[in-house]
Amino acid sequence: FLLEQTSCLVVVGETGCGKTTQIPQYLHESGWTDRGHRVVCTQPSEVAVVTVAERVAQELQAALDSGSAAGAGNAVEEVGATVGYRCEFEERLC
């Protein structure tokens with residue numbers, strides 16, 4: 001990963017290409033976050049921050065469910081567990 005060689009990486013791409021929702025999940029699934037690293041995405045508004053965190057948590061849970069044994073997907077990925085956010089007046093960090 002380029003991330004192994006630098007402390008900060010800025011990703012630029014078209015709207016809707018997965019910069020905020022897909023790249024963090026790929027990094028998490030590859031084990032990058034197991035070593036204490038965090039993936040941080042910025043958003044222009046508090047509403048966007050909360051909405052994106054909820055969506056990534058839902059997508060992460062769907063990925064966990066699809067990779068697990070039948071019936072094992074009863075747990076829900078809560079915002080603040082693996083996926084968190086921080087706003088001016090509120091935070092749910094992991």
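Placed above this text is the structure.
Residues numbered from 1 in each chain as written. Predicted model: local features only at pLDDT ≥ 70, side-chain atom pairs only at ≥ 80, totals over all residues. Heavy atoms only, no water.

**Student:** Which residues make up the overall build of the protein, and what values go with them?
**Tutor:** For the protein, the helix and strand inventory stands at 2 helices and 2 strands. The proportion of buried residues among the 94 residues of the protein is 22%. Across the protein, every contact between residues at least 6 apart in sequence was considered, and the portion connecting residues at least 24 apart equals 42%. For the protein, the computed accessible surface area is about 6800 Å², with 53% contributed by carbon and sulfur atoms. (Helix = DSSP H or I, 4+ residues; strand = E, 2+ residues; numbered from the N terminus. Buried < 20%, exposed > 50% of the residue type's maximum accessible area, 1.4 Å probe, protein only. Contact = heavy atoms within 4.5 Å. Areas by Shrake-Rupley, 256 points an atom, 1.4 Å probe, with all protein chains shown as cover.)

**Student:** Which residues make up the environment of threonine 51, and what values go with them?
**Tutor:** Within the element layout of this structure, threonine 51 appears in helix H2 (residues 46–66). Given a relative accessible area of 44%, threonine 51 falls into the partly exposed group. A sequence separation of 34 residues divides threonine 51 from tyrosine 85, and the C-alpha atoms of the two residues are 9.9 Å apart. Polar side-chain contacts of threonine 51 include one of 2.8 Å to the backbone oxygen of valine 47. (Polar contact = N/O pair within 3.5 Å; in protein donor to acceptor, adjacent residues only side chain to side chain.)

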